[in-house]
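# Structural overview for review
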Amino acid sequence: MTLDDVGKCVAPGAGDTDWNALYFILGLVLMPIALPFVVMECCYRLRIKKYRNELAGKVVLITGASSGLGESMAHTFYKAGCKVILAARRTQELERVKTDLMALDASSVTYPPVIMSLDLSDLKEIPAFGHRALGVYNQIDILVNNGGISVRATAESSDLDVDLKVMVVNYFGSVALTKAILPSMIQRKTGHICFISSVQGKFSLPYRSAYSASKHALQAFADSLRSEVANKGVQVTCISPGYIRTKLSMNALTGDGKTYGKMDKTTALGMAPKKVSERILNAILGKEKDVMISDLQAKFAYYLRYLCPSFYFWIMENRARRLEKEEAIEQKKAK
Ligand SMILES: NC(=O)c1ccc[n+]([C@@H]2O[C@H](COP(=O)([O-])OP(=O)(O)OC[C@H]3O[C@@H](n4cnc5c(N)ncnc54)[C@H](OP(=O)(O)O)[C@@H]3O)[C@@H](O)[C@H]2O)c1
């Protein structure tokens, strides 16, 4: 091969020049669109970094910390140097979470987690629980209302007691705890209340009427509260996640109040709890008001529900029919 041949190999042909021109034009057009997003992302990251430094030593009360997303948030806040108070009914599971946290090789200063027994369905006990929780460090900086249960049944086949239970745990329990903690935050003119709702607080699915209703109620409560406390130094964030890989479906109730006990395919294929809890931490740090953490399908369903409701209802009717068929097949197999 002569030197001339080498030159021929590397020299751009006429076709390459066309592509280069196309890339140049595309870059020219897309740059002004992309630039504001890049600047916004950089500002967001800088803001989060600044607030993250201020997080150490903050008192964070997390409900439903004995498993799933709550357990993962316990890890995230603990590793960020927060004083975590973990609440749920199963105190032995909270002990396990505490032991796991204490065994972590954290790079920064950490505080031993405090565990407290809490039953969100025992509304009368919640003010006293709130008082005790406030007494641990004399303040609560961040309250994460996460504890909750789901349901797997049609509206028709659900006992009213099941609807009531889901509503009490998911909605009234969180509302009662918020009311118990809020006055101290208002008095100190600082604090953050975070509600873990669901994408089902934005749009409803078949076989989830009580769950969707409770999450819609939580979203509405959060929205009203946010506006009321905005000038009192208290922040409110409502998080609406899509499917997360937890035991939510295993722990869900059936229409007659039994435990469903099965892992749904959608839940098994859901987001990793760690990823969601880190996004929640950033949402709290960034004082974000309303955050959907989900795949594109859930986001599409959300917009479809409001922009083209009849199409959304048609999809849901088909989904309900499919679920009904699947249920019939399962019942046949069980016989
Ligand atoms: N997994 C998902 O796909 C998904 C999607 C969107 C939103 N969410 C929401 O995320 C939150 C956490 O659920 P998860 O997915 O982590 O499910 P999970 O693993 O079943 O955890 C639920 C937590 O709630 C607690 N809880 C249930 N009933 C309670 C009661 N009566 N009093 C106090 N605590 C109670 C449980 O603790 P004890 O049993 O020890 O009391 C447990 O720690 C829920 O609000 C759920 O609606 C989950």
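Basis of the calculations
- Residues numbered from 1 in each chain as written.
- Predicted model: local features only at pLDDT ≥ 70, side-chain atom pairs only at ≥ 80, totals over all residues.
- Near = placed C-beta within 6 Å.
- Helix = DSSP H or I, 4+ residues; strand = E, 2+ residues; numbered from the N terminus.
- Nonpolar A, V, L, I, M, F, W, Y, C, P; charged D, E, K, R; others polar.
- Domains from an automatic or database assignment.
- Contact = placed C-beta atoms within 7 Å.
- Core = buried A, V, L, I, M, F, W, Y, C linked by C-beta atoms within 7 Å.
- Buried ≥ 20, exposed ≤ 12 C-beta atoms within 10 Å, placed from the backbone.
- Expected span 1.5 Å × (residues − 1).
- UniProt positions renumbered as here; feature names shortened; annotations may be inferred.
- Axes fitted to C-alpha atoms, helices over the stretch in contact; angles between N-to-C directions.
- Parallel < 35°, antiparallel > 145°, perpendicular 65-115°, else oblique.
- Left-handed = near helix turned anticlockwise from the far one by under 90°.
- Pairing = 2+ DSSP bridges.

### Focus on the site of the ligand
- Near the ligand you find 31 residues, and of these Gly 64, Gly 68, Arg 89, Arg 90 and Gly 148 are the closest.
- By residue number, the principal contributor to the shell around the ligand is helix α3 (residues 68-79), which donates three residues.
- Grouping the constituent residues of the shell around the ligand by class yields 11 nonpolar, 15 polar and five charged.

### Focus: the domain arrangement of the protein
- We note that the domain assignment places domain 1 (39-294) and domain 2 (299-335) within the protein.
- If you average the C-alpha positions of domain 1 and of domain 2, the two centres end up 28 Å apart.
- The interface is formed by eight residues belonging to domain 1 together with eight residues belonging to domain 2.
- Partitioned by chemical class, the residues of the side of domain 1 that touches domain 2 number six nonpolar, one polar and one charged.

### Description of the nonpolar core
- Core analysis: the largest hydrophobic core is formed by 69 residues, its most contacted members being Val 60, Ile 62, Ala 74 and Leu 86.
- When residues of this core are assigned to their parent elements, the largest contribution, 11 residues, is made by helix α6 (residues 160-188).

### Examining the environment of Val 151
- Tracing the chain through its elements places Val 151 in the loop between β4 (142-145) and α6.
- By C-beta crowding, Val 151 is classed as buried, having 26 other C-beta atoms within 10 Å.
- With 60 residues separating them in the primary sequence, Val 151 and Tyr 211 have C-alpha atoms 6.1 Å apart.
- Excluding its chain neighbours within four sequence positions, the residues that come into contact with Val 151 are Ser 158, Val 162, Val 166, Arg 208, Ala 210, Tyr 211, Ala 252 and Leu 253.

### Examining helix α11 (residues 309-334)
- Spanning 26 residues, α11 covers 37 Å between terminal C-alpha atoms, matching the ideal 38 Å at 1.5 Å per step.
- Burial within α11 is sparse, with just zero of its 26 residues counted as buried.

### Here we look at the UniProt feature "transmembrane region" (unreviewed entry) in the protein
- Here the UniProt feature "transmembrane region" (unreviewed entry) sits at residues 21-44.
- Structurally, residues 21-44 comprises 100% helix and 0% strand, and the distance from its first C-alpha atom to its last is 34 Å.

### Points about the packing of helix α5 (residues 126-137) against α6
- In contact at an axis separation of 9 Å, α5 and α6 are set at 45° when each is read in the N-to-C sense. Judged by the angle between their axes, α5 and α6 are oblique. Read as a crossing pair, α5 and α6 show a hand that is right-handed. Contacts between α5 and α6 pair Ile 126, Pro 127, Gly 130, His 131 and Leu 134 from the former with Gly 173, Ala 176, Leu 177, Ala 180, Ile 181 and Ser 184 from the latter.
- In terms of residue class, the contact of α5 with α6 is built from seven nonpolar, four polar and no charged.

### Some thoughts on the sheet that holds strand β2 (residues 83-88)
- One open sheet holds the seven strands; their spatial order is β3-β2-β1-β4-β5-β6-β7, and the pairing between them is parallel. Looking at the sheet topology across the chains shown, the edges are occupied by β3 (114-117) and β7 (290-293). The average undirected angle you get between the axes of adjacent strands in this sheet is 15°.

### As for unusual backbone geometry
- Backbone geometry at Asn 138 places phi at a positive 65°, although glycine is not the residue there.
- Considering the arrangement of structural elements, one finds Asn 138 in the loop between α5 and β4.
- One non-glycine residue with positive phi stands out, namely Tyr 207, at about 70°.
- Residue position: Tyr 207 is located in the loop between β5 (191-196) and α7 (209-229).
- A residue is classified by how many C-beta atoms lie within 10 Å of it, and Tyr 207, with 21 of them, is buried.

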